[in-house]
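Summary of the model geometry
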Amino acid sequence: MTGPDPGTAVPGASAPGGALLVVGDVVTDIVARHHGPLATGTDTVAAVRTLPGGAGANVACWAAYGGCADVRMLGRVGADAVAWHEGELTDCGVRPILVVDPEAPTGTVICLVDTGAFAERTFLTDSGASLRLDPGDWSPALLDGVARLHLSGYLFFSDPGRALVTVALEAARARGIPVSLDPASAGFLAELGVDRFLELAEGVDVLLPSCDEAILLTGLPDPADAAAKLSRQVPLVVTKLGGEGALVARGGSVRAHVPAAPATPHDTTGAGDAFTGAFLAALLAGAEPERAAAEGCRAGARAVEKVGGRPPARDRPGAG
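Structure report, in brief.

The rules behind each value
Residues numbered from 1 in each chain as written. Predicted model: local features only at pLDDT ≥ 70, side-chain atom pairs only at ≥ 80, totals over all residues. Heavy atoms only, no water. Helix = DSSP H or I, 4+ residues; strand = E, 2+ residues; numbered from the N terminus. Buried < 20%, exposed > 50% of the residue type's maximum accessible area, 1.4 Å probe, protein only. Lys, Arg positive; Asp, Glu negative; His and termini not counted. Salt bridge = Lys/Arg side-chain N within 4 Å of Asp/Glu carboxyl O. Contact = heavy atoms within 4.5 Å. Pairing = 2+ DSSP bridges. Axes fitted to C-alpha atoms, helices over the stretch in contact; angles between N-to-C directions.

What follows is about the side chain of Asp29. Looking at where Asp29 falls in the secondary structure, it is placed in strand E2 (residues 27-34). Put simply, Asp29 is tucked away with no salt bridge, and the nearest opposite charge, on Arg310, sits 7.0 Å away. The contacts of Asp29, once residues within four sequence positions are left out, are Arg49, Thr50, Leu51, Pro52, Gly53, Gly54, Val109, Cys111 and Thr269.

Printed below as a string of structure tokens:
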């Protein structure tokens, strides 16, 4: 595997500086950490916390944590929690652009986290207002000063979200702004269908699937083969392998396998979002994809050592 050829433009690259606009989901996470199997029909002891979440919002917060000075987050929430979510995003250094839904409550995800060795998690998702984001919430002015647009894959799993994706991609292409996409959910992706997802994603510059998502999108069991195949459709593909690091592929071949950073997992919720946010922040700072992926791996390791999907509070901009 080799790095980029000298003098060759890196696919998905953007000029250093400028803002990152993230469009996607802002939800409330209820994280229940338990040990061992759930006891069906009776009680299971757990530590339960209510935390801000959402794949899109988490990516935005980790991008700010990774050094991006201007991160903006477009999402849709209910009136029940808009002030709290605006405050949480602001505390992370993100500029919130939150649409208040007049009917639906804020989306809620129950995260069941097994506190065993691998801290695996299971999600119960009520998308609420988050998947009602639609073209009426979009304005071309949102791209003013933006150097990169990032779309959460959860947008692809509702009719209003898919319509918004089409509008946003067209607006970004008209301005020459590169667009990245994280597929977000293998389960929802399987329901939507691979062909439909790839058709909707046409024009994206960077795809950041998990290992399971890359395999699902290609039908190939080997993550490296899957990443290589996807990179014949999307200029730059970075496949997240969890504890095995990440693969960087472009032009139909894997160019690098970036090792994971060491970590002791406590909660894997948001680890992929942390990777994506740090990766995008590094790209915006002018890093090549391999170094950006290494930053992503470090952020992912940091994420699994804490509970919840956001950066540690003490490390947030402005924290004491």
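In this model, Ala184 sits at a positive phi of 85 degrees, which is unusual for a non-glycine residue. The topology assignment puts Ala184 in the loop between strand E9 (179-182) and helix H4 (186-192).

What follows deals with the sheet that holds strand E3 (residues 46-53). Sheet architecture is open: four strands sit in the order E3-E2-E6-E7, paired in mixed fashion. The open sheet has two edge strands with one neighbour each: E3 and strand E7 (121-126). Strand after strand, the sheet turns through a mean of 20 degrees between neighbouring axes, direction not considered. Relative to E3, E2 is paired through eight bridges, and the arrangement is antiparallel. Looking at the pairing, His34 lines up with Ala46 of E3. Contacts from helix H2 (residues 82-91) reach E2 and E3, with the element oriented near 80 degrees to E3.

Geometric descriptors of this kind do not, in isolation, establish any biological role.
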